[in-house]
Each structure stands twice: as structure tokens, then as C-alpha cells.
2 protein chains.
Amino acid sequence: MTVNTLHRPTHRDALVHLEAAFEREDMITVFGRCTVDYDGRATSELGPGDRLVILKPDGSILVHTDEKRTPVNWQPPGCTHSASIRDGRLRIRSRRSNPDERLDVHFERVDQCSAYGVNDRSDLELTGSEEDLRQHILANPSILEPGFEPLETERQSDAGPIDIFGEDADEVPVVVELKRRRVGPAAASQLRRYVDALHREFGDDEPVRGILVAPSITDRAADLLDREGLEFVALDPETGAPPVEDGSAEDDGGEDETSGESGSDGQSETSGENESDDPTADE
Amino acid sequence: MTVNTLHRPTHRDALVHLEAAFEREDMITVFGRCTVDYDGRATSELGPGDRLVILKPDGSILVHTDEKRTPVNWQPPGCTHSASIRDGRLRIRSRRSNPDERLDVHFERVDQCSAYGVNDRSDLELTGSEEDLRQHILANPSILEPGFEPLETERQSDAGPIDIFGEDADEVPVVVELKRRRVGPAAASQLRRYVDALHREFGDDEPVRGILVAPSITDRAADLLDREGLEFVALDPETGAPPVEDGSAEDDGGEDETSGESGSDGQSETSGENESDDPTADE
DNA sequence: CACTATATATCGCAT
DNA sequence: ATGCGATGTATAGTG
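So, a few notes on the structure that sits alongside this text. (Residues numbered from 1 in each chain as written. Chains lettered and ligands numbered in written order. Predicted model: local features only at pLDDT ≥ 70, side-chain atom pairs only at ≥ 80, totals over all residues. Heavy atoms only, no water.)

**Some words on the interface of chain B and chain A**
Counting from both sides, the interface comprises 113 residues of chain B and, opposite them, 112 residues of chain A. Across the interface of chain B and chain A, roughly 9,100 Å² is buried in total on both sides, 46% from carbon and sulfur atoms. Along the contact surface separating chain B from chain A lie 6 salt bridges. We note a salt bridge from Asp66 of chain A to Arg121 of chain B, for which the minimum N-O separation is 2.9 Å. Inspection of the region where chain B meets chain A yields 40 residue pairs in polar contact (both at pLDDT 80 or more). In terms of residues, the side of chain B that touches chain A owes the most to one element, strand S3 (residues 43-55) of chain B, which gives 11 residues. Of the strand pairs in this sheet, strand S9 (residues 124-127) of chain A and S3 of chain B are connected by 4 bridges, and their pairing is antiparallel. Bridging across to S3 of chain B, Thr127 of chain A finds its partner in Thr43 of chain B. (Contact = heavy atoms within 4.5 Å. Buried area = accessible area lost by both parts, 1.4 Å probe. Salt bridge = Lys/Arg side-chain N within 4 Å of Asp/Glu carboxyl O. Polar contact = N/O pair within 3.5 Å; in protein donor to acceptor, adjacent residues only side chain to side chain. Helix = DSSP H or I, 4+ residues; strand = E, 2+ residues; numbered from the N terminus. Pairing = 2+ DSSP bridges.)

**Overview of the sheet that holds strand S13 (residues 209-214) of chain B**
Residues and elements named next belong to chain B. With mixed pairing, 5 strands are arranged side by side in an open sheet as S10-S11-S12-S13-S14. Each edge of the open sheet is held by one strand with a lone partner, namely strand S10 (149-157) and strand S14 (231-234). For this sheet the average axis-to-axis angle between neighbouring strands, irrespective of direction, equals 30°. Both strand S11 (residues 160-167) and strand S12 (residues 173-178) contribute to a ladder of 4 bridges, which runs antiparallel. In the sheet register, Gly166 faces S12, and the bridge partner there is Val174. Here helix H2 (residues 130-139) sits on the sheet in contact with S10, S11, S12 and S13, set at roughly 20° to S11. The sheet strands contacting helix H3 (residues 185-202) are S10, S11, S12, S13 and S14, and the helix crosses S12 at an angle near 155°. (Axes fitted to C-alpha atoms, helices over the stretch in contact; angles between N-to-C directions.)

**Looking at the environment of Val208 of chain A**
Residue and element names in this part refer to chain A. Inspection of the secondary structure puts Val208 in the loop between helix H3 (185-202) and strand S13 (209-214). By relative accessible area, Val208 is classed as buried at 11%. With 35 residues separating them along the chain, Val208 and Pro173 place their C-alpha atoms 5.2 Å apart. For Val208, the contacting residues outside a window of four places in its chain are Pro173, Val175, Val195, Leu198, His199 and Phe202. (Buried < 20%, exposed > 50% of the residue type's maximum accessible area, 1.4 Å probe, protein only.)

Structural data, given as C-alpha cells:
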């Protein structure tokens, strides 16, 4: 059995359930009215409210309200979870050291307590990252500029690792800094630190070019680059080509099945199914 | 009733349950074996595996495995959730525009499907942030340096807003950049951009000091500050005082109750409750 | 460990 | 809406 759930348990029953789930290294959810107390890198207090608490066997804990992607309180992996009864109520505590941190969840009411056995997993495959952009440029350096020749990636400098180090058609050293999305002043400064480091390394007589590569750039960052004598090249990380300036006809329609709709909008009438097709339903 | 749960529902029953929950604007969890398909700012595919999916009425969606604090797939608030049956199986889709993104979760098996009504809430109170550090300095400017006088916070400059702008004892303009935690080269560059902006504003004849305030600084950032003629002052955001250099006796013990323990370590025997004992215990 | 940089960062605030 | 910086950022990679 993969899932084990208690509905409106007593605090003591929830405790027993939790401890068994800890033992099995299950993923756990607890929903109920609770307060949260955190002390560590910062300090926070969260008054009573209805929240979903998620405990993972790797020692992470998340406290979610019904808003936002970010949990209202949390602890990253590496904590030790414990549960106990305080004043007759369930308390979940998560502790770690380095940094020394503690997160307490005190439940006034436990509505549901579930333990999930996670046995099966696959890894995520993601594209469109900075690494993809780099591969595009290494595979076809002329998309950066004609005659550009990459010499080294992650080249160490006094200011840190340089994304791509190379030479232009005139054999002038070039520092290339890659960003997968629109860049602001921080990226321009980062490029400048690398270029400065190479100036110190090569001597001020040797010219060094710096090129920031991203799909687009803010005005302030463009001004900053100008003042510093640095350059910008617009490339899309997904395609490795110059991004479309002002989009127009971009039809990728392919949706040929209707779907049951809901959410903030449309009314739902339990319709929208589109099944029958294939069994394999259960199991 | 706050919680509504289906155990091992058929895909169709899960759909009905979900659509009702959408209608009520409940927070929803679905646990089961699924694949995830994402296309938007980046693109990703996640093969079959056991995951916990969380849907919030504000349009966020989280797909969690039993590891890490960060969901393996997600969408921030603003999406429109929908559910349907495809090939006899439950599919949850989350869509938004600007940027145009889509997240699909295809379930091979639904183990549990819960809807939680969240009616009650309190706001988080947090201390130890950069804002706290600023308050400490404004309340007692001499902790920064004797004779320092704050003149303006969030002062606008060509390079963005300056945390604290003031004058030293000699009426020399001072740019203060605050960080709540240990700073690296990026913070030094940020400070430099602000100082440069004021140089452009005041003219190069007018001296402008730049002070970076944080609990500590990395060697590389310290070198960078040195080269730029900028300064560093060590202050703790929580206390507003110089942080303890090399800790020693720092006894804050107060834990006088044993607690039921579990997690990565100790074995649990459903013991460890410790109730009734003493009131006034935690608080 | 500390240091550095990335991220589908998210989030909040100001323009 | 976009720009910009803070975040208890989390996370990965490297020395």
C-alpha cells in the first residue's frame, strides 16, 4: 500500500502515524490549523491558520498556505524531523546545525495526516538553460560573430570562472558571459570583473573584449556596457539564434482535443472527459 | 467539512473531485504515478514516477518528489488550472500567458486526491532582514562609524536606489549598501555602481565614500573593494552589532523537555510523547 | 567546508 | 507591464 491516511485524527493518533511514517521514510503531508515558529538565519512567527505541511525523508519541510509558490515557512534538506505531544497537541519540530536552525509547527487541529511511499522515480530532462546556449555557440561560433574562436570554457580568472574565453578574427582575447534571460546591470558588472581580471593578468597594453550574450538587455545595463566599452549580442538560449524582435505569426496550434476546463474561469459541469479510448485504467 | 479526500479513485472520479475543488477554490493535493511536461521559459520532460502535486486557488502548481525543497516542476501564481481525461487517464494542465507557459501532469495512477478548504490565516512576522539592519543603523548611526549622519534612504541614483545615503564626520558623501548575510563580489560591484553614479552626478572632484555593510565578506570581495577604494563594515542584521568573530561560550540552552524523536536517526517506538508535564512549557 | 554562479529562481516595490 | 534588487533564496559545481 502506497498511501496511508488518517482523517481528523486525535493528536496522539497523528503522532503514532507520523512516527511510523518517519520509520518508513515516507513523504508526509499534514493539513490543519497550526502556528509556526522559526529561528535560525532569521527569525519568524506565524500565527494560527490553515496550512499544508509537507515532510520529506531527506529532512526538508515545507509549510504551504493556499497562496504563492514559495512556502510560508520551510527547512531545506538535512534536518531531523521529530514529532511529539505538547499540552495535548501535536508538535512537529525540524532541526539542523550549520547553520543552527529550528522550525516548530504547533497544531491546534489536525484535519488530515497522510504518508506516501515513494518507490518510483525518473529524472528531469530540461533544455533551454545557459548550458544549452553555450553548446549552441561552441557548435557554431560564428553565431556570436564571424571569426570568433572559442579557446576555453570555464576558464579560471582572478574574478572567477569565465563562461567562454576565445579570440576574435584579429586574435584579440574575448571574454563571453552567457545569460539565459534578459540581463540587467548585475550581469554587466560580472562581465566587467572578468575583463578587468584579464587586464590585470595580461597587462593593460593587451586589449581584451567583453561580450555579454543574452536574449535581451535592459536600457540601464546597455548604458553600463557602453560606458565600460563592453558589447552585447542577442541570442536565444533555446534556439541559439537571434531572438524574434517583435513577434507576429507564430502558430504552433495542435490542440485537437477538447479538455475539461476549470480554475479561475469557466464553470465546470463534470464534463470534458474524453476517455474510452484505452483501458489500462486501474493499477 | 474542511477536507475532502478520495482514495485510489478512478481517473474519472478524480476529475469530478478536482473540478468541484476548483469551483470551491480549495487547495488540492494529488498523489500518484505521473509524468510531467513543461514548456515555457524553458522546456522539460519528467518520466513516470510517484509525486505529490499541489494546486492552489491562486493558480500556482507544485510537483514534489520525496527530495529537495524545490519542486521538480511548478508554475507560479497566475495560471489557470484545468483537468480532463485523456486516453482514460487524468490530466492536469496549468496554463498562463506572459510568459506563455504550459505545464501538463499525466497520471498513470491516482493514489489519493484531497481538497482542503483554507478559511483561516495569519500573516508571517519576520525579523533579521536587511530592513532590520537598516533600522539598527538609522537608530544608532555611530555603529557604522563615529560621526556618520544618514541623510536619505532609498536615494535615487543613476544606477538605482541607494540603501542609505549620508555624510561622514567631514561632511563627505557616503554611500552605504546593506546585506543581511556574507557578501561576495556581486555586492561589491553593486556598491561600486552606486558610487560611480554619484561621481557622475557630483563631478569627479567631489570625493564619495562607499561602505558595504554585512556580517562578513569573502576574500575576493574584500580584494575587489580594496582595489576600488571602497570600505567594509561588519554588522549583524539581527543585533545591529559587530558579529562574534570566533564563537566560544554561546549557551542558550533552555530545552528542558524530552521530545519524541524520529527522522534520519533514532528509532521510534511510538514513545516520546511528553505531555501534561508542565504547562508554561513552550510558548 | 567555503566560494562562486545559476535558476523555469520567486517576490515585492517602484516606475 | 517592466525594471531592479532582496531572499531565511535553493542548488550545483569546484577548490
